[in-house]
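Inside the fold
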Amino acid sequence: PQPPSSRCSDRIRICLVSQQRRVEHTTSPLLSHRPSLDSIAIVTATMAPTPPEEIAKQHIAALALIASDMPRMERVDHGEVPLVWKERPTCVSSSRTVTTKSDGSGEPPNESIEVDITQLPWCISSRGQVDVAPIVKLVLEGVEDPATLPPLQTDGKANGSSNDKGANGGVNKAAVVKAANGSNDRSGKIKSVVKRTISKSPVNKTATSTTTTLQKKSSPTNLWNEQNASLHNVKITRPSHDAWGIKKIILVFCDDFLSTVYRLPWYQTSDGVANGGGGNGNTVGDQMHKAIQPILDCLGIAPSQMVRCLLAALPPGVTIPVHHDTGEWVKYTHRVHVPIIVPDEELVLFRCGPTEQSMGRVDCTPGHVFEMNNQAKHAVTNGGTKQRVHLILDYVDPSFFDMRKEQNCPVRHVTLSPGEIITQTRRSIDRALESGSRAQPSFLILGAQKAGTTSLYEYMTQHPWIVKAKRRETHCLDWRWNDALTSTEERRNHCLQFYHAEAMKPYPSLRTGDSTPSYLLDYYRVIPRLKECFPHEPKLIVLVRDPIKRALSHYAMVTSMDGSPEQLAVRGMEWREKSLEEVLEQDVKNMKEDGLLPYWDVESKTVDRDLFNSFINTSEEDEAWERYVRTRIPLNTGSYSPLARGLYALQCRQWFRSFSKDTFLVMKLEDMSSEEKGVQWVVNRTLQHLGLPRFDVPNMEKKNSREYVDPLEGKVELKEWLQRFFEPHNERFGRMLMEEMGYDEKDWTDIWRYN
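Cut-offs and rules
- Residues numbered from 1 in each chain as written.
- Predicted model: local features only at pLDDT ≥ 70, side-chain atom pairs only at ≥ 80, totals over all residues.
- Heavy atoms only, no water.
- Helix = DSSP H or I, 4+ residues; strand = E, 2+ residues; numbered from the N terminus.
- Buried < 20%, exposed > 50% of the residue type's maximum accessible area, 1.4 Å probe, protein only.
- Areas by Shrake-Rupley, 256 points an atom, 1.4 Å probe, with all protein chains shown as cover.
- Pairing = 2+ DSSP bridges.
- Axes fitted to C-alpha atoms, helices over the stretch in contact; angles between N-to-C directions.
- Phe/Tyr/Trp six-rings, centres within 6.5 Å; stacked < 30°, edge-to-face > 60°.
- Lys, Arg positive; Asp, Glu negative; His and termini not counted.
- Salt bridge = Lys/Arg side-chain N within 4 Å of Asp/Glu carboxyl O.
- Polar contact = N/O pair within 3.5 Å; in protein donor to acceptor, adjacent residues only side chain to side chain.
- Contact = heavy atoms within 4.5 Å.
- Core = buried A, V, L, I, M, F, W, Y, C linked by side-chain atoms within 4.5 Å.
- Patch = residues over 30% accessible without salt bridge, like charges linked within 9 Å, V, L, I, M, F, W, Y side chains within 5 Å.
- Charge placed at Lys NZ, Arg CZ, Asp CG, Glu CD.
- Expected span 1.5 Å × (residues − 1).
- Disulfide = S-S within 2.5 Å.

1. Concerning the overall build of the protein
- Regarding its fold elements, the protein presents 23 helices and 26 strands.
- Per-residue burial over the protein gives 57% buried out of 755 residues.
- Carbon and sulfur atoms form 49% of the exposed surface of the protein, whose accessible area is close to 31200 Å².

Here is the structure:
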């Protein structure tokens, strides 16, 4: 999903591929930036489709360029497209340093130059020429059969079609004819091309007649046939291409995050060698391997580097409008096109350039192996009367796989069986046979309260693979625990109802979780319930903050009258008529009464360091802490423990004793605002902890923050005793993380050091 301000329309689209049916396209009002699952579908935000009138205009403009015999760009082998040019769309101005290759003149190579990506010197690199006759032989049968299209509306648009490119079911016939008649076409060439191609447009075929045609042509050697592909290959839905009537033969494919690469049966050799092997030559996979190998040799890559490889047939009379590709995969991959079947090269217009105005025409001679920057603007028009077939291939650098291992997200390579069913969302692909393999929830943010937990949750759930819980703070293990339930199954089902767990079963790539910051302190209730209801041990995340600032923010929130009636009720009334000093001193009094602060002198407000060091980490301290937590934490208010919530070592120690070390991730709120780290660094650490691929957070605004007058302003004595109170506890917490959890010394030495 994308932020509403940039790429998200005012509608959302439900695109769910189930085991037994095609993609269903429906719409509903935009609920939020990152909608969650409903009972039947994954909801993801999409771009608004390009209007049919705009596509018609682009189609006519393209036909005019064809009629004018627009010259092709000179073939030049620039080598690989630098991936730094693909970090964002080229229409967004930014400077990038690139390294040029040697030009063969004997001069030293690898010169570094600064380039504005809106003015890139090139977006197409001609990597070579190969013989594609073996591929043509494999795919020629059935190439002119029409594709199965979604049902048509009365205006000629395919129902519900929408995608990153703005595809909307082919070119609208009436709109094209109208645009052609209104164009400045004195020679009549454009109208002639329109008349010749419009009858071939897939939007003139009904779904019923197309299906009948396909049923009649079910030859096992017709690789374009959907029935044949469903039985002998694996059916993968590509909503944009499918809506356009673009047929496909998929050989290798991956999800949007390059997390899993699937090798389909029609690219598997009979000897079972995944990345080589010629087999016995009798299977489609053997023949396809042999036919495509010259392209890989031309590019100088191994088969294992391929993450996507497919053949696509663009119908006559169809224009794919100007667009750039989207998805996390784009910036890590090299996109290669190879024209395979081009009946009339003069009538195919493939353009690419940094901006729409600078797009140049690409030579689409069969066998031309060219790499394109698909973050650049590009558009394609088939002005001929027959299908145009390209092989489309994406590959990664070998170092990509090592990088993913370092990020705790190694790439899986999966070999699919003939006829295997897959389940898809817009950004994920999973095997149906793995349905239910991921227990939910996948993570819990335990706390601390007022330490950035809301912001982190909102940042995390912008990732397309993280689905929000039905409510951010579920409290299913404390406030909303149901004591009337007697069995583990009942209690587990009660907790799971706060997530979209059942609907997520077919999609094990997806994660869900919640942020309930009361859990960290309320360990004695939460830990045994968590172990009982979620025995799979979800990942646990703890955010901490300077405990003085945390306490002040806590007090400001609870005493504020801003908020809904429900929020005000949850915060409680206990502190409304009390000063900050009264609230803090009451918490000290409670802890003293429970035997937790023998080292704190109430009169002088100082810590006896010797007594502190001899008391911490003892059974006496454990007993005192449990006494405090059991008696001082109510479930009907948030007005409690302003100081105890900042004793992070005491809170975390109980959790660290109960779960394995690698279950936890502890970070500081201050990391989000530091120049060295920042929000993206914190999110990257979190995704790595969850084993998820990285994702650039579109919206980094602070969440659930408020402005308030500093209650310590002018209160030097109060500020100083708070510093004296927390300083030894801060040091203790840092040592615990470094010594017991192995955290980096530079991050946790002298944390929140006070002057």
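2. Thoughts on the sheet that holds strand S21 (residues 466-468)
- With respect to topology, five strands assemble into an open sheet ordered S21-S22-S20-S23-S26, the strand pairing being parallel. Both edges of this open sheet fall to S21 and strand S26 (664-668), since each of them pairs with a single strand only. Strand-to-strand, the axes of this sheet are offset by a mean angle of 25°, without reference to chain direction.
- Sheet topology places S21 next to strand S22 (residues 511-515); three bridges connect them, and they run parallel. Residue pairing for S22: Val 467 is matched across the bridge by Thr 512.

3. Regarding the packing of aromatic side chains
- Counting across every chain of the model gives 22 aromatic pairs.
- Pairing Phe 350 with Phe 370 gives two aromatic rings, centres 5.5 Å apart and planes at 80°, and the pair type is edge-to-face. Of this pair, Phe 350 sits in strand S12 (residues 348-353) while Phe 370 sits in strand S14 (residues 368-372), and the two are 20 residues apart along the sequence. Neither Phe 350 nor Phe 370 differs from the other in exposure class; each is buried.
- Geometrically, the ring pair formed by Phe 659 and Phe 664 is edge-to-face, given 6.3 Å between the ring centres and 70° between the ring planes. Exposure class is identical for Phe 659 and Phe 664. Each is buried.

4. Quick word on the side chain of Arg 645
- Structurally, the position occupied by Arg 645 is in the loop between helix H18 (619-632) and helix H19 (648-658).
- We note that Arg 645 is buried and unpaired, the nearest opposite charge coming from Asp 587 at a distance of 7.9 Å.
- At 2.9 Å, the side chain of Arg 645 forms a polar contact with the side chain of Tyr 640.
- In contact with Arg 645, other than residues within four places in its own chain, are Ala 448, Gln 449, Pro 517, Ser 518, Leu 521, Arg 550, His 554, Gly 638, Tyr 640 and Gln 651.

5. Concerning the nonpolar core
- Counting residues in hydrophobic clusters, the biggest one holds 103 residues, and the most contacted among them are Leu 477, Trp 655 and Phe 733.
- In terms of residue count, the dominant contributor to this core is helix H22 (residues 716-740) (eight residues).
- Setting aside anything within four residues of it in sequence, one finds Trp 655 in contact with Leu 446, Tyr 519, Leu 520, Tyr 523, Val 526, Ile 527, Leu 530, Leu 540 and Phe 664.
- Counting 44 residues, the second largest nonpolar core, distinct from the first, contains Leu 138, Ala 229, Ile 301 and Leu 311.

6. A look at a negative patch on the surface
- A cluster of acidic side chains, namely Asp 601, Glu 603, Asp 608 and Asp 610, defines a negative patch on the protein surface.
- Its place among the elements puts Asp 610 in helix H17 (residues 609-615).
- According to the relative accessible area criterion, Asp 610 is exposed, its value standing at 63%.

7. Details of the environment of Asp 546
- For Asp 546, the location among the structural elements is in the loop between strand S23 (539-544) and helix H14 (547-559).
- In this structure, the C-alpha to C-alpha distance between Asp 546 and Trp 752, residues 206 residues apart in sequence, is 5.9 Å.
- Ignoring anything within four residues of it in the chain, the contact list for Asp 546 reads Tyr 648, Glu 670, Trp 752 and Tyr 754.

8. Considering the sheet that holds S12
- One open sheet accounts for four strands, arranged S10-S15-S12-S13; its pairing is antiparallel. Among the strands making up the open sheet, the edge pair consists of strand S10 (318-323) and strand S13 (360-361).
- Relative to S13, S12 runs antiparallel, the two sharing two bridges. Across the sheet, Arg 351 pairs through a bridge with Arg 361, a residue of S13.
- In the packing of helix H1 (residues 52-67) onto the sheet, the strands contacted are S10, S12 and strand S15 (377-382), and the crossing angle to S10 comes to about 105°.

9. Looking at the environment of Met 738
- Examined against the element boundaries, Met 738 turns out to sit in helix H22.
- Met 738 sits ten residues away from Trp 748 along the chain, and the two C-alpha atoms are 7.0 Å apart.
- Sequence-distant contacts of Met 738, defined by excluding residues within four places in its chain, comprise Tyr 743, Asp 744, Glu 745, Trp 748 and Thr 749.

10. What about H1?
- For H1, which comprises 16 residues, the first-to-last C-alpha distance of 22 Å matches the rise-based estimate of 22 Å (1.5 Å per residue) to within 8%.
- For H1, every residue scored as buried is listed here: Pro 52, Ile 55, Ala 56, Gln 58, His 59, Ile 60, Ala 62, Leu 63 and Ile 66.
- Of the residues one or two after H1, Asp 69 is the one with positive phi, at around 55°.

11. So, the pattern of salt bridges
- Within the structure shown, the criterion is met by 36 salt bridges.
- The partner of Lys 589 in a salt bridge is Glu 593, with the nearest N and O atoms 2.5 Å apart. Of the two residues, Lys 589 and Glu 593 are both situated in helix H16 (residues 580-593); the distance of four residues between them amounts to about one turn of the helix.
- Residue classification places Glu 593 among the partly exposed positions, given a relative accessible area of 47%.
- Between Arg 609 and Glu 727 there is a salt bridge, with its nearest N and O atoms 3.9 Å apart. Of this pair, Arg 609 sits in helix H17 while Glu 727 sits in helix H22, and the two are 118 residues apart along the sequence.
- The class for Arg 609 is partly exposed, based on a relative accessible area of 35%.

12. Things to note about the environment of Gln 119
- As for its placement among the helices and strands, Gln 119 is situated in the loop between strand S5 (112-116) and strand S6 (124-129).
- Note on Gln 119: relative accessible area 62%, which makes it exposed.
- Through-space distance from the C-alpha of Gln 119 to that of Pro 354 is 6.4 Å; in sequence the pair is 235 residues apart.

13. A closer look at the state of the cysteines
- Scanning all chains against the criterion turns up zero disulfides.
- Cysteine Cys 533 remains unbridged, with the sulfur of Cys 495 as its closest cysteine sulfur at 4.0 Å.
- On the basis of relative accessible area, Cys 533 is assigned to the buried category, the value being 2%.

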